[in-house]
Amino acid sequence: MATTAVHHFRLTHSIKSTRRESRKLTCANSVRCCTTTGTAESRRVTVKNGTDSLEICRVLNGMWQTSGGWGRIDRNDAVDAMLRHADAGLSTFDMADHYGPAEDLYGILINRVRRERPPEFLDKVRGLTKWVPPPVKMTSSYVRENIDLSRKRMDVASLDMLQFHWWDYSNPGYLDALKHLTDLKGEGKIKTVALTNFDTERLQIILENDIPVVSNQVQHSIVDMRPQQKMAELCQLTGVKLITYGTVMGGLLSEKFLDTNLSIPFAGPPLNTPSLQKYKRMVDAWGGWSLFQSLLQTLKRVASKHGVSIPTIAVKYILDQPAVAGSMIGVRLGLAEHIQDTNAIFSLSLDEEDLNSIQEVSRKGKDLLRVIGDCGDEYRRA
């Protein structure tokens, strides 16, 4: 593209020249959070790039748990649970092509909504999916075939959002795939194109190639603050938003693991799901179980002060970080529900004392950007 070099210079120069201002924004946010009232305005947010936009709920229902490893899910019970979440205002569902039956469950849900709810209710329900292809040649027909499969499974003419993941940056095929996805968006088969687990460098390259992504889904929690070190700066400059997952660390950031000692066999709650095992490794990289207990104790004090749960505090803290549009909470459909706790996030406001106490213990952990690398690097290390 003829203008890429100039665009690259301008974007890079702009990032460098605004680095100090961006740090000031981050610092200011660290001592003052937005006031939320639990209104529709605090509950929903619009992610956009140019003329592309999509309104979503700021707390998303993550459906990784349908992929296996969390227990058997009954299809009818799962869809009933999805409808209860939507009825409670938690009407944005995040899934992927490889999350077991997740897309099929959404297709059943959306048909129930069409039959059993008024048209204005349907307008609020959102299905965000991901495409995680193998590193084969990204031809137009191959991309189209896979997107059509998701559209069929979800029973929608147009995907609300397609979040694209790519395993190997040494293979530049991700740009070909994204250009084909943009073409499908132009045809009306996708409403918005987004990313998942891309790092800051590649996000900048994608934007320089005039691919209008609206968001990047990344791991982000009080333990894993990597997105605020590089990614958020570029996002604030360009308008791209962050959608975060791992925000309650698979349930580790909860009362269940407070005052436990996992070094003693069978003494604490079992790490019996893929997400608990994954985020326990993140805790080990950050500072270990003893420091994590200090964090849980701090979060419990803040939670008790506000009459909410530890996960509610953990999600609210990340939602108030720069560039964050929404945060994921995994749903174990038909097995467990936390709708009341989740909805409490929208009426919660953390004050300076809360933030200072959380940051004091958070800063005692290791810099995971140095330990792991930038966003998504945990999936690409040899």
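Looking at an unreviewed UniProt entry, one finds the protein named Aldo/keto reductase/potassium channel subunit beta, with Trema orientale as its source organism.

Would you take a moment to explain the side chain of Thr247 for this structure?
Relative to the elements of secondary structure, Thr247 occurs in the loop between β9 (241-245) and α11 (274-286). Within the structure, the side chain of Thr247 is placed 3.2 Å from the backbone oxygen of His220, a separation counted as a polar contact. At 2.9 Å, the side chain of Thr247 and the side chain of Thr244 are in polar contact. Once residues lying within four places of it in the same chain are set aside, the contact partners of Thr247 are His220, Ser221, Leu253, Ala314, Val315, Ile318, Ser327 and Met328.

Sorry if this is basic, but what is going on with the pattern of salt bridges here?
Two side chains carrying opposite charge are able to pair once their charged atoms lie near each other. Within this structure, the stated rule accounts for 27 salt bridges. Across the pair Lys300 and Glu255 runs a salt bridge, and its minimum N-O distance is 3.6 Å. With a gap of 45 residues between them, Lys300 in helix α12 (residues 289-306) and Glu255 in the loop between β9 and α11 connect regions that are remote in the sequence. Overall, Lys300 belongs to the partly exposed group, its relative accessible area being 29%.

Before we go on, may I ask you to explain the packing of α11 against α12 in this structure?
Each pair of packed helices can be summarised by the angle the axes make with each other and by the distance between the axes. Following both chains from N to C, one finds α11 and α12 inclined at 100°, their axes separated by 8 Å at the closest point. Between α11 and α12, the crossing angle belongs to the class labelled roughly perpendicular. Across from Lys280, Val283 and Trp286 in α11, the residues of α12 making contact are Trp289, Leu291, Phe292 and Leu295. Within the contact of α11 with α12, the residues separate by chemical class into 6 nonpolar, no polar and 1 charged.

Help me understand the environment of Leu350 in this model?
The topology assignment puts Leu350 in the loop between α14 (339-343) and α15 (352-362). Sequence-wise, Leu350 and Tyr317 are 33 residues apart; in three dimensions their C-alpha atoms are separated by 7.7 Å.

Help me understand the environment of Asp367 in this model?
Structurally, Asp367 is set in the loop between α15 and α16 (368-371). For the pair Asp367 and Met225, spaced 142 residues apart in sequence, the C-alpha to C-alpha distance is 8.4 Å. Of note is the side chain of Asp367, whose polar atom sits 3.0 Å from the backbone nitrogen of Leu369.

Just to check I follow, could you spell out helix α4 (residues 75-87) for this structure?
When the terminal C-alpha atoms of α4 are compared, their 18 Å separation across 13 residues agrees well with the 18 Å that a helix rising 1.5 Å per residue should span. Where α4 is concerned, the buried positions are Ala78, Val79, Ala81, Met82, Leu83, His85 and Ala86. Buried residues belonging to α4 abut β3 (59-62), β4 (92-94), α5 (102-116), α6 (119-122) and α14. Of the residues flanking the start of α4, the one acting as N-cap is Asp74, its side-chain oxygen 3.1 Å from the backbone nitrogen of Asn76. Immediately downstream of α4, the backbone of Gly89 shows phi near 95°, a positive value.

Where do I start with the pairing of strand β2 (residues 52-57) in this structure?
Here is the key point about a regular strand: its side chains alternate between the two faces of the sheet. Across 6 bridges, the pairing between strand β1 (residues 44-49) and β2 is antiparallel. Opposite Arg44, over in β2, you have Cys57 as the bridge partner. Where β1 folds back on β2, the antiparallel hairpin that results is connected by 2 residues, among which Gly50 adopts a positive phi of roughly 65°.

Before we go on, may I ask you to explain helix α7 (residues 140-154) in this structure?
Think of an α-helix as 3.6 residues a turn; residues three or four steps apart then line up on the same face. Taking 1.5 Å per residue, 15 residues should reach 21 Å; α7 reaches 21 Å between its end C-alpha atoms and fits that length. Looking one or two residues beyond α7, the residue adopting positive phi is Asp155, at roughly 55°.

Honestly, the packing of aromatic side chains in this entry has me stumped. Any pointers?
What describes a pair of aromatic rings is the distance from one ring centre to the other and the angle between the planes of the rings. Applying the stated criterion across every chain, the model contains 10 aromatic pairs. With 6.3 Å between their ring centres and 65° between their planes, Tyr169 and Tyr174 make a pair best called edge-to-face. Taken as a pair, Tyr169 and Tyr174 share a single burial class, namely buried. Here the aromatic cluster, defined as three or more aromatic residues joined through ring pairs, consists of Trp131, Tyr142, Phe164, Trp166, Tyr169, Tyr174 and Phe198. Above the plane of the ring of Phe121 lies Arg117, whose end atom (NZ or CZ) is 5.9 Å from the centre. Geometry around Phe198 places Arg380 over its ring, the cationic atom sitting 5.8 Å from the centre.

Looking at this model, I keep getting lost on the confidence of the model for the protein. Mind explaining?
For residues with low pLDDT, the predicted coordinates do not support detailed interpretation. Across the protein, the average pLDDT comes to 89, with 87% of residues at or above 70. When the criterion is pLDDT under 50, residues 1-10 qualifies, and its contacts beyond four places in sequence or with other chains add up to 9 contacts. Note on residues 13-37: pLDDT under 50 across the span, and 39 contacts to partners over four residues away in sequence or across chains.

What is the right way to read unusual backbone geometry from this model?
If you check the backbone angles, Met249 has positive phi at about 55° while not being a glycine. Within the secondary structure, Met249 is located in the loop between β9 and α11. A positive phi is found at Ala323, a non-glycine position, where the angle reads about 75°. Summarising the element assignment, Ala323 is placed in the loop between α13 (310-319) and β10 (324-330).

It is not clear to me how the nonpolar core should be interpreted in this structure. Could you clarify?
General note: in soluble globular proteins, nonpolar side chains tend to be found buried as a group. Residues Tyr106, Phe164, Leu181 and Phe292 are the most contacted members of the largest nonpolar core, which totals 113 residues. For this core, the leading source of residues is α12, giving 8 residues.

Just to check I follow, could you spell out the sheet that holds strand β8 (residues 213-219) for this structure?
Strand pairing in a sheet relies on backbone hydrogen bonds, with the paired strands running either antiparallel or parallel. Pairing is parallel around the closed barrel formed by 8 strands, whose spatial order is β3-β4-β5-β6-β7-β8-β9-β10. Neighbour to neighbour, the strand axes of the sheet diverge by 30° on average, direction disregarded. Sheet topology places strand β5 (residues 126-131) next to strand β6 (residues 159-164); 4 bridges connect them, and they run parallel. Residue pairing across strands places Leu128 opposite Met161, the latter belonging to β6.

Thresholds applied
Residues numbered from 1 in each chain as written. Predicted model: local features only at pLDDT ≥ 70, side-chain atom pairs only at ≥ 80, totals over all residues. Heavy atoms only, no water. Helix = DSSP H or I, 4+ residues; strand = E, 2+ residues; numbered from the N terminus. Polar contact = N/O pair within 3.5 Å; in protein donor to acceptor, adjacent residues only side chain to side chain. Contact = heavy atoms within 4.5 Å. Salt bridge = Lys/Arg side-chain N within 4 Å of Asp/Glu carboxyl O. Buried < 20%, exposed > 50% of the residue type's maximum accessible area, 1.4 Å probe, protein only. Axes fitted to C-alpha atoms, helices over the stretch in contact; angles between N-to-C directions. Parallel < 35°, antiparallel > 145°, perpendicular 65-115°, else oblique. Nonpolar A, V, L, I, M, F, W, Y, C, P; charged D, E, K, R; others polar. Expected span 1.5 Å × (residues − 1). Pairing = 2+ DSSP bridges. Phe/Tyr/Trp six-rings, centres within 6.5 Å; stacked < 30°, edge-to-face > 60°. Lys NZ or Arg CZ within 6 Å of the ring centre and 35° of its normal. pLDDT = per-residue confidence, 0-100. Core = buried A, V, L, I, M, F, W, Y, C linked by side-chain atoms within 4.5 Å.

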